[in-house]
Amino acid sequence: MMRFHSLVIMLLLFAHVSAVAVADTTWPSLFGVGSYERDVKSAKVIKIAKFTINEHNKRSNANLKLVRILSCRENVYTIDNSFSLELLAKDGTDTTNKYLAHLFETKDYWFRHTTVPFQLETFELAH
């Protein structure tokens with residue numbers, strides 16, 4: 001009899017998780033992953049965009065100035081999150097170009113210490 005109750009409970013749980021997964025298009029969030037559009041006017045997105053421009057300027061000896069954030073997509077993973085940005089920036093002239101950037105949010109864990117909040121992976125001129 002105990003096996004039967006356990007089986008019924010497992011089937012009900014499976015049916016519930018399946019129904020949520022089918023009804024919710026962001027079902028990977030049940031497992032700690034997902035992809036979300038972020039508000040480009042939020043303080044965190046502005047901080048990320050400024051970091052991206054500053055880091056690119058340091059690496060390439062450039063002088064880009066952030067004009068506007070077009071979009072920001074956050075990819076949530078179990079350990080670190082990544083961000084994909086579309087930015088408009090000026091290079092010291094009156095020309096404004098569109099750039100694509102991808103970076104990771106680096107969190108401080110007991111097994112991996114960091115003092116830098118983000119790690120810029122790519123920064124390129126959009127075609």
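Computed from a prediction, not measured in an experiment: that's the story for all the values here.

Novice: Sorry, what's going on with unusual backbone geometry here?
Specialist: Residues apart from glycine generally show negative phi values, whereas peptide bonds are mostly found in trans. Of note in the backbone geometry, Asn61 takes a positive phi value of approximately 55 degrees without being a glycine. Tracing the backbone through its elements, the reader meets Asn61 in the loop between α2 (43-60) and β2 (65-76). Residue classification places Asn61 among the exposed positions, given a relative accessible area of 73%.

Novice: I tried to follow the confidence of the model for the chain on my own but got confused; where do I start?
Specialist: A low pLDDT means the predicted coordinates there should not be read in detail. In this model, the chain carries an average pLDDT of 81, and 73% of its residues clear a pLDDT of 70 or more. Low pLDDT (under 50) marks residues 15-29, which in the prediction has five contacts with non-local residues, meaning those over four places away or in another chain.

Novice: What exactly am I supposed to notice about α2 here?
Specialist: One turn of the α-helix equals 3.6 residues, which is why residues spaced by three or four share an orientation. Taking 1.5 Å as the rise per residue, α2 with 18 residues should run 26 Å; its terminal C-alpha atoms sit 26 Å apart, in good agreement. Within the sequence span of α2, burial applies to Val45, Ile48, Ala49, Phe51, Thr52, Ile53, Glu55, His56 and Asn57. Looking one or two residues beyond α2, the residue adopting positive phi is Asn61, at roughly 55 degrees.

Novice: Looking at this model, I keep getting lost on the packing of aromatic side chains. Mind explaining?
Specialist: The geometry of an aromatic ring pair is captured by two quantities: the separation of the ring centres and the angle between the planes. Under the counting rule described, the total for this entry stands at three aromatic pairs. Through a chain of ring-to-ring contacts, three or more aromatic side chains come together here, namely Phe51, Phe83 and Phe118.

Novice: Looking at this model, I keep getting lost on the sheet that holds strand β4 (residues 96-105). Mind explaining?
Specialist: Across a sheet, paired strands are connected by hydrogen bonds in the backbone, their directions being either parallel or antiparallel. Pairing is antiparallel across the open sheet formed by five strands, whose spatial order is β1-β2-β3-β4-β5. Of all strands in the sheet, those with a lone pairing partner are β1 (34-37) and β5 (118-125), marking the two edges. The mean inter-strand angle of the sheet, taken between neighbouring strand axes irrespective of direction, is 25 degrees. As paired elements, β2 and strand β3 (residues 81-90) share ten bridges and run antiparallel to each other. Within β3, the position partnered with Arg73 by the bridge is Ser84.

The rules we used
Residues numbered from 1 in each chain as written. Predicted model: local features only at pLDDT ≥ 70, side-chain atom pairs only at ≥ 80, totals over all residues. Heavy atoms only, no water. Helix = DSSP H or I, 4+ residues; strand = E, 2+ residues; numbered from the N terminus. Buried < 20%, exposed > 50% of the residue type's maximum accessible area, 1.4 Å probe, protein only. pLDDT = per-residue confidence, 0-100. Contact = heavy atoms within 4.5 Å. Expected span 1.5 Å × (residues − 1). Phe/Tyr/Trp six-rings, centres within 6.5 Å; stacked < 30°, edge-to-face > 60°. Pairing = 2+ DSSP bridges. Axes fitted to C-alpha atoms, helices over the stretch in contact; angles between N-to-C directions.

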